[in-house]
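Below, each chain spelled out in residue letters.
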Amino acid sequence: MTDQSPGPTLTVSVLTSLSQIAAGDWDACACPEDAEGRPYDPFTTHRFLSALEDSGSVGRGTGWEPRYLVAEAEGETIAVAPLYGKTHSQGEYIFDHNWAHALENAGGAYYPKLQIAVPFTPATGRRFLTKPGHETQGMSALLQGAVQLAAENGLSSLHTTFCTEAEAIAGERMGLLRRVTQQFHWYNRDYADFDAFLADLSSRKRKTIRKERRTAQAFGGQIETLTGEAIRPEHWDAFWQFYQDTGARKWGAPYLTRAFFEIAHETLRDDIALVLCTRHGQPVAGALNFIDRQALYGRYWGCTEDHPCLHFEACYYRAIDFAIAQWPGPGRGRGPGRPQAGARLPARADPFAALDRQPRLFRGGRALSQGGTRRGGRGYRDPHRLRPVPEDHSGGKRMTEKLSDTARQTVLEPLFSAGWEMVEGRDAIHKTYKFGDFTEAFAWMTRAAMFAEKWNHHPEWFNVYNRVEVTLSTHDVDGLSQLDVKLARKMDSL
């Protein structure tokens, strides 16, 4: 990052709504290239973040309370950041439940915390949105402002998730902790069409994908990819049903409200590629993708009818078709098309990074250089204090005692009736789950893993195709505890 500005007096403001800043001022920092075409990141645009806010998907009662940061230099907006006050860790796709447990077990309060992120969106991109020519100065102002906001409000921590590698490096130099993991992205290696992509694979994989595509396309209907004005209001009626069904079966309560899709129809259609599957004239499945200048981001899928391989076709293979057609590949015009932000066919693994700042690591509360904010009171104090929502953090000591004989008679009998069995030679319980196919089995394991991680209690399990074998026991007590009972009940309910 470079900064060519002379360094005028800076102020950093905290906004509780995007309606408090003009779309042009925000987007001049978030996506200055948008005036010449598509943005490089559709998720940090004023229109996308406003759709989340205006639809009630974020805001009071959701656990995502907007605290947008705006840095100004002599009246000119030079940097912005999508900052939120969080009262839980849902919708982040970076799991920090162990940190929450550790702090609360030590007598602290992890929530509320601050998060610089795009809600519900695990797509890597800039999080410190600076106007060209103000990169270093803008990021420094935003970061120092966020740190001081957390400190003066007594919040446990500040997090920046799915930021760029350059931002991660810069943040680390400023004294923040860094975490790195990986995603799987599909890249267009100069493919002229889907067959050219298949030619890069082994014979076995080519045959498998071609068979899956034939199976999916024989479901008795039509599949089309819609963008812009081709997307009609009734398509959102159908997709809302798909989205609700996926949430009910897979992840619990969906994050987005119905109003989000209505707003998306008005303001986001040009940023969307909607894969719609219809049968006998009725939509039965769909996949929602977002488009930027060089990538396609697969975000949501759902269906009201189950058809073999239709999920793969709608989410993966049609996305690859679209990317190849939209971005012909290196040397062919507009750069590499890459479906991403989901379980795409991996050609290479790209890292994403998270920056975390814990108040206990502060080296003094440095004020913002060259002037600070005076909005809403002294320093960065937030006039809209965040209040924590009670959460279930029952993975602590009170549940890690070995089950007594009396408790076993009460809590284990219902599990035995549900198919659980005692393991011979061990104080442990075991059950075998069977699913329709590997995808369903893996999806169930993913859901179960979220609760296991949240409660810091992990199962012994083994997966072969559509079968998952689970054994539960608590190593700390060398036998069964209430944690095993709790996790068993949750697994049965998923």
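See the structure above.
Summary of the structure given here. Just so it is clear, the model here is predicted, and its values are computed rather than measured.

**What about the packing of aromatic side chains?**
Inference 1: Scanning all chains against the criterion turns up 33 aromatic pairs.
Inference 2: Aromatic side chains Trp186 and Phe197 sit 5.4 Å apart centroid to centroid with 85° between the ring planes, which places their arrangement in the edge-to-face category. Of this pair, Trp186 sits in the loop between β9 (177-185) and α6 (194-198) while Phe197 sits in helix α6, placing them 11 residues apart in sequence.
Inference 3: Between the aromatic rings of Tyr243 and Tyr300, the centroid separation amounts to 5.2 Å while the plane-to-plane angle is 80°, which identifies the pairing as edge-to-face. Note that Tyr243 is positioned in helix α8 (residues 233-251) and Tyr300 in strand β13 (residues 296-303), a separation of 57 residues in sequence. Here Tyr243 and Tyr300 have matching classes, each one buried.
Inference 4: Through a chain of ring-to-ring contacts, three or more aromatic side chains come together here, namely Phe43, Phe48, Trp236, Phe239, Trp240, Phe242, Tyr243, Phe260, Phe261, Phe290, Tyr297 and Tyr300.
Inference 5: Positioned above the aromatic ring of Tyr40 is the side chain of Arg293, whose terminal nitrogen or guanidinium carbon lies 5.2 Å from the ring centre.

**With respect to the nonpolar core**
Inference 1: Judged by nonpolar contacts, the single largest core of 42 residues is most densely connected at Trp26, Phe48, Phe239, Phe260, Phe261, Ile272 and Leu288.
Inference 2: Secondary-structure elements contributing two or more residues to this core are α1 (23-30), α2 (46-54), β3 (68-73), α8, α9 (258-267), β11 (272-279), β12 (282-291) and β13.
Inference 3: Sort the elements by how many residues they give to this core and α8 lands first, with six residues.
Inference 4: Phe48 has contacts with Pro42, Phe43, Val118, Thr121, Phe260, Leu268 and Phe290, leaving out every residue within four places of it along the chain.
Inference 5: Among the nonpolar cores identified, the runner-up in size contains 30 residues, and Phe194, Ile209, Ile324 and Trp327 belong to it.

**Comments concerning the pattern of salt bridges**
Where charged atoms of side chains with opposite charge meet at close range, the side chains can pair.
Inference 1: Scanning the entire structure with this criterion turns up 19 salt bridges.
Inference 2: Among the salt bridges present, the one from Asp96 reaches Lys113, with a minimum N-O distance of 2.6 Å. On the criterion of sequence distance, the pair formed by Asp96 in the loop between β5 (83-86) and α3 (97-105) and Lys113 in strand β6 (residues 113-116) is long-range, its members being 17 residues apart.
Inference 3: Given the relative accessible area of 3%, Asp96 is considered buried.
Inference 4: The salt bridge partner of Glu313 is Arg318, with a shortest N-O separation of 2.7 Å.
Inference 5: For Arg318, a relative accessible area of 19% gives the class buried.
Inference 6: Connected through shared salt-bridge partners, Lys86, Glu92, Asp96 and Lys113 make up one network.

**Some remarks on the environment of Pro112**
Inference 1: Relative to the helices and strands, Pro112 resides in the loop between α3 and β6.
Inference 2: Separated by 45 residues in the primary sequence, Pro112 and Ser157 have C-alpha atoms spaced 8.4 Å apart.

**Overview of the packing of α2 against α9**
Inference 1: It is the contact of α2 with α9, at a shortest axis distance of 9 Å, that shows an interaxial angle of 150°. In terms of orientation, α2 lies roughly antiparallel with respect to α9. The handedness of the crossing between α2 and α9 is right-handed. Of the residues in α9, those in contact with Arg47, Phe48, Ala51, Leu52 and Asp54 of α2 are Phe260, Ile263 and Thr267.
Inference 2: Residues belonging to the contact of α2 with α9 are distributed by class as follows: five nonpolar, one polar and two charged.

**Let's talk about the sheet that holds strand β7 (residues 129-130)**
Inference 1: The sheet built from four strands is open, its strands ordered β1-β3-β4-β7 with antiparallel pairing. The two strands at the open ends of the sheet, each matched to only one other strand, are β1 (10-15) and β7.
Inference 2: Packing against the sheet, helix α4 (residues 135-152) makes contact with β1, β3, β4 (76-81) and β7, and its axis sits at approximately 55° to β4.

**What about helix α12 (residues 438-454)?**
Inference 1: Here α12 spans 24 Å end to end across 17 residues, near enough to the 24 Å set by a 1.5 Å rise per residue.
Inference 2: Among all positions in α12, only Ala441, Ala443, Trp444, Met445, Arg447, Ala448, Ala452 and Lys454 are buried.
Inference 3: Where α12 begins, the capping side chain belongs to Asp437, and its oxygen is found 2.9 Å from the backbone nitrogen of Glu440.
Inference 4: In the stretch just after α12, Asn456 is the one whose phi turns positive, near 55°.

**Points about the sheet that holds strand β21 (residues 467-472)**
Consider a sheet: its strands pair through backbone hydrogen bonds, and that pairing is either parallel or antiparallel.
Inference 1: With antiparallel pairing, the four strands of this open sheet are ordered in space as β18-β19-β21-β20. Unpaired on one side and paired on the other, β18 (421-422) and β20 (460-464) mark the two borders of the sheet.
Inference 2: With five bridges connecting them, β20 and β21 associate as antiparallel partners. Within β21, the residue paired with Asn463 across the bridge is Val468.
Inference 3: Against the sheet, α12 contacts β19 (429-434), β20 and β21, and its axis sits at roughly 165° relative to β20.
Inference 4: Those strands touched by helix α13 (residues 482-493) are β19, β20 and β21, and its axis lies near 10° from that of β19.

**Notes on the pairing of β13**
Residues in a regular strand point their side chains to alternate faces of the sheet.
Inference 1: Of all eight residues in β13, eight are buried; the element is thus mostly enclosed.
Inference 2: By the bridge criterion, seven bridges tie β12 to β13 in an arrangement that is antiparallel. Counterpart to Phe290 in the pairing with β13 is Tyr297.
Inference 3: Connecting the antiparallel pair β12 and β13 is a turn made up of four residues.

**Some points on the pairing of β4**
Inference 1: β4 sits mainly inside the fold: five of its six residues count as buried.
Inference 2: Of the pairings in the sheet, the one linking β3 to β4 comprises five bridges and is antiparallel in character. Residue pairing for β4: Ala73 is matched across the bridge by Glu76.
Inference 3: Sheet analysis places β4 next to β7, joined by two bridges and oriented antiparallel. Note on β7: the bridge partner recorded for Val80 is Leu129.

**As for helix α7 (residues 203-217)**
Quick reminder: α-helices carry 3.6 residues per turn. Residues three or four places apart thus point the same way.
Inference 1: Taking 1.5 Å per residue as the helical rise, α7 with its 15 residues ought to reach 21 Å, and the 21 Å between its terminal C-alpha atoms agrees with that figure.
Inference 2: Looking only at α7, the buried set comprises Ile209, Glu212, Arg213 and Ala216. Viewed end-on, α7 has its buried residues packed into an arc of 95°, placing them on one side of the element. Set apart from the buried face of α7 by more than 90 degrees, the exposed residues are Arg204, Lys207, Lys211 and Arg214.

Conventions used here
- Residues numbered from 1 in each chain as written.
- Predicted model: local features only at pLDDT ≥ 70, side-chain atom pairs only at ≥ 80, totals over all residues.
- Heavy atoms only, no water.
- Phe/Tyr/Trp six-rings, centres within 6.5 Å; stacked < 30°, edge-to-face > 60°.
- Helix = DSSP H or I, 4+ residues; strand = E, 2+ residues; numbered from the N terminus.
- Buried < 20%, exposed > 50% of the residue type's maximum accessible area, 1.4 Å probe, protein only.
- Lys NZ or Arg CZ within 6 Å of the ring centre and 35° of its normal.
- Core = buried A, V, L, I, M, F, W, Y, C linked by side-chain atoms within 4.5 Å.
- Contact = heavy atoms within 4.5 Å.
- Salt bridge = Lys/Arg side-chain N within 4 Å of Asp/Glu carboxyl O.
- Axes fitted to C-alpha atoms, helices over the stretch in contact; angles between N-to-C directions.
- Parallel < 35°, antiparallel > 145°, perpendicular 65-115°, else oblique.
- Left-handed = near helix turned anticlockwise from the far one by under 90°.
- Nonpolar A, V, L, I, M, F, W, Y, C, P; charged D, E, K, R; others polar.
- Pairing = 2+ DSSP bridges.
- Expected span 1.5 Å × (residues − 1).
- Polar contact = N/O pair within 3.5 Å; in protein donor to acceptor, adjacent residues only side chain to side chain.
- Arc of directions from axis to C-beta.

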